[in-house]
Amino acid sequence: MDSELEERLRAAFRDKLRLLPAELHAARGRTVPATLLPSTRVLLKRREVAEVERELQNQRQEFQQRMQRLAQRRQQLARRQEQHRDAVLRFESFLK
């Protein structure tokens, strides 16, 4: 009888382990199943918050890089405008 109980517990534990990855996968879709333990839900939410923070940090870095490229392009444009002004002034002085 003891081995029967042990086998039932092992089977139940195996069944629970099979269900757990599916529940965790469903939880990544932002809906946390009610069958999970509160501590597991907290961990999943912490993981979700960490992922969102990483995404936000990546977006901030991309934005910063875009702003740096924009500043460089503005400097290049200002240099080209200055070169064009100089060329026009030289040409006008040549015509006089």
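- Within an unreviewed UniProt entry, the label attached to the protein chain reads CCD42 protein, and the organism entered is Pycnonotus jocosus.

1. Let's talk about the pattern of salt bridges
Piece 1. Going through the model one piece at a time under the given rule, you end up with three salt bridges.
Piece 2. Linking Arg-66 and Glu-62 is a salt bridge whose minimum nitrogen-to-oxygen distance equals 3.9 Å. Taken together, the residues Arg-66 and Glu-62, both in helix α2 (residues 38–95) and four residues apart, mark about one turn of the helix.
Piece 3. Residue classification places Glu-62 among the partly exposed positions, given a relative accessible area of 42%.
Piece 4. Residues Glu-82 and Arg-85 are paired through a salt bridge, measuring 2.9 Å at the closest nitrogen-oxygen approach. With a gap of three residues between them, Glu-82 and Arg-85 both fall in helix α2, about one helical turn apart.

Scoring rules and cut-offs
- Residues numbered from 1 in each chain as written.
- Predicted model: local features only at pLDDT ≥ 70, side-chain atom pairs only at ≥ 80, totals over all residues.
- Heavy atoms only, no water.
- Salt bridge = Lys/Arg side-chain N within 4 Å of Asp/Glu carboxyl O.
- Helix = DSSP H or I, 4+ residues; strand = E, 2+ residues; numbered from the N terminus.
- Buried < 20%, exposed > 50% of the residue type's maximum accessible area, 1.4 Å probe, protein only.

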